[in-house]
Amino acid sequence: MDPRWERVRAIVLNLVERCAVCGQRFVPEDLQALGRSRTTWAFRLTCHSCGVTSLIAAVIGEEELAATSARSNREPVTERDVEEIRTFLEHFDGDFQRLFGYSGHDRSR
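The rules behind these values
Numbers given to residues run from 1 along each chain, matching the order in which its sequence is written. In keeping with the model being predicted, local features are shown solely for residues with a pLDDT of at least 70 and side-chain atom pairs are shown and tallied solely at 80 or more, while totals for entire chains, interfaces and linings include all residues. Hydrogen atoms and water are omitted, and side-chain values are computed over all heavy atoms in the structure. We call two strands paired when DSSP finds no fewer than two bridges between them. Numbered from the N terminus, helices here are DSSP runs of H or I no shorter than four residues, and strands are runs of E no shorter than two. Axes here refer to lines fitted to C-alpha atoms; in helices the fit is confined to the stretch in contact. Angles between the N-to-C directions go from 0 to 180 degrees. Multiplying one less than the number of residues by 1.5 Å gives the expected span of a helix. In this scheme, a residue with accessible area under 20% of its type's maximum is buried, one over 50% is exposed, and one in between is partly exposed, where area comes from a 1.4 Å probe on protein chains only. Only protein atoms enter the 1 Å grid used here. Points where a 1.4 Å probe fits but cannot escape make up a cavity, open sets with protein on both sides within 12 Å along at least five of seven lines make up a pocket, and a residue lines them when an atom lies within 4 Å of a point. Grid points are joined across faces, edges and corners, and a volume is the space filled by probe spheres set on the points. Throughout, the ten residues Ala, Val, Leu, Ile, Met, Phe, Trp, Tyr, Cys and Pro are labelled nonpolar, Asp, Glu, Lys and Arg are labelled charged, and all others, Gly among them, are labelled polar. What qualifies as a polar contact is a pair of N or O atoms within 3.5 Å, subject to a donor-acceptor requirement within protein and to the restriction that residues adjacent in sequence count only when both atoms come from side chains.

Student: What's the story with the sheet that holds strand β1 (residues 31-36) in this structure? I'm lost.
Tutor: Two pairing modes exist for strands in a sheet, parallel and antiparallel, and in both the strands are linked by backbone hydrogen bonds. An order of β1-β2-β3 is seen for the 3 strands of this open sheet, with the pairing classed as antiparallel. Every interior strand has two partners, whereas the edge strands, β1 and β3 (53-59), have only one. Within this sheet the neighbouring strands show an average axis-to-axis angle of 25 degrees, counted without direction. As judged from the 7 bridges shared by strand β2 (residues 40-46) and β3, these two strands associate in the antiparallel manner. Bridge pairing in β3 links Thr46 to Thr53.

Student: Could you clarify how one ought to interpret helix α1 (residues 4-15) in this entry?
Tutor: Helical periodicity: at 3.6 residues per turn, an α-helix aligns residues three or four positions apart in one direction. Between its terminal C-alpha atoms α1 stretches 17 Å, which fits the 16 Å expected from 12 residues at 1.5 Å a residue. Taken residue by residue, α1 has Trp5, Val8, Arg9, Ile11, Val12 and Leu13 as its buried positions.

Student: It is not clear to me how the layout of surface pockets should be interpreted in this structure. Could you clarify?
Tutor: One simple way to see leftover space: roll a probe sized like a water molecule over the atoms. In this structure, the second largest pocket occupies an estimated 180 Å³ of space. Residue lining of the second largest pocket: Ile85, Phe88, Leu89, Phe92, Phe96 and Leu99, and that is the complete set. Of all the secondary-structure elements, those providing two or more residues to the lining of the second largest pocket are α3 (79-91) and α4 (96-99). Counting residues per element, the lining of the second largest pocket draws most heavily on α3, which supplies 3 residues. Across the lining of the second largest pocket, the residue classes break down as 6 nonpolar, no polar and no charged.

Student: Please clarify how the side chain of Arg9 should be interpreted in this entry.
Tutor: Along the chain, the position of Arg9 falls in helix α1. In terms of polar contacts, Arg9 uses its side chain to reach the backbone carbonyl oxygen of Leu31, at 2.7 Å.

Okay, here's the thing in structure tokens:
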């Protein structure tokens, strides 16, 4: 297995710390690697408490991967960070296509 999996796994678990359904904190064993392309890493995240499963596509370039390896101390989440995400979520309409700039014009499969 690619030695970078563990670093990417740590990045993903740092970003998605708790289950959105039951609030239980994830453990490394909850996140299973499915595959990868050049910059996209695919994971299956299953909550060991309630069993909810999510698929995660983490887009992490080599530069970010190298930077996270070199960085030992992370900045703590501030009250302002929490307030900003709360405000965003209160006003978010659920339109992920618009959020990520997907136009929907290319529907070829």
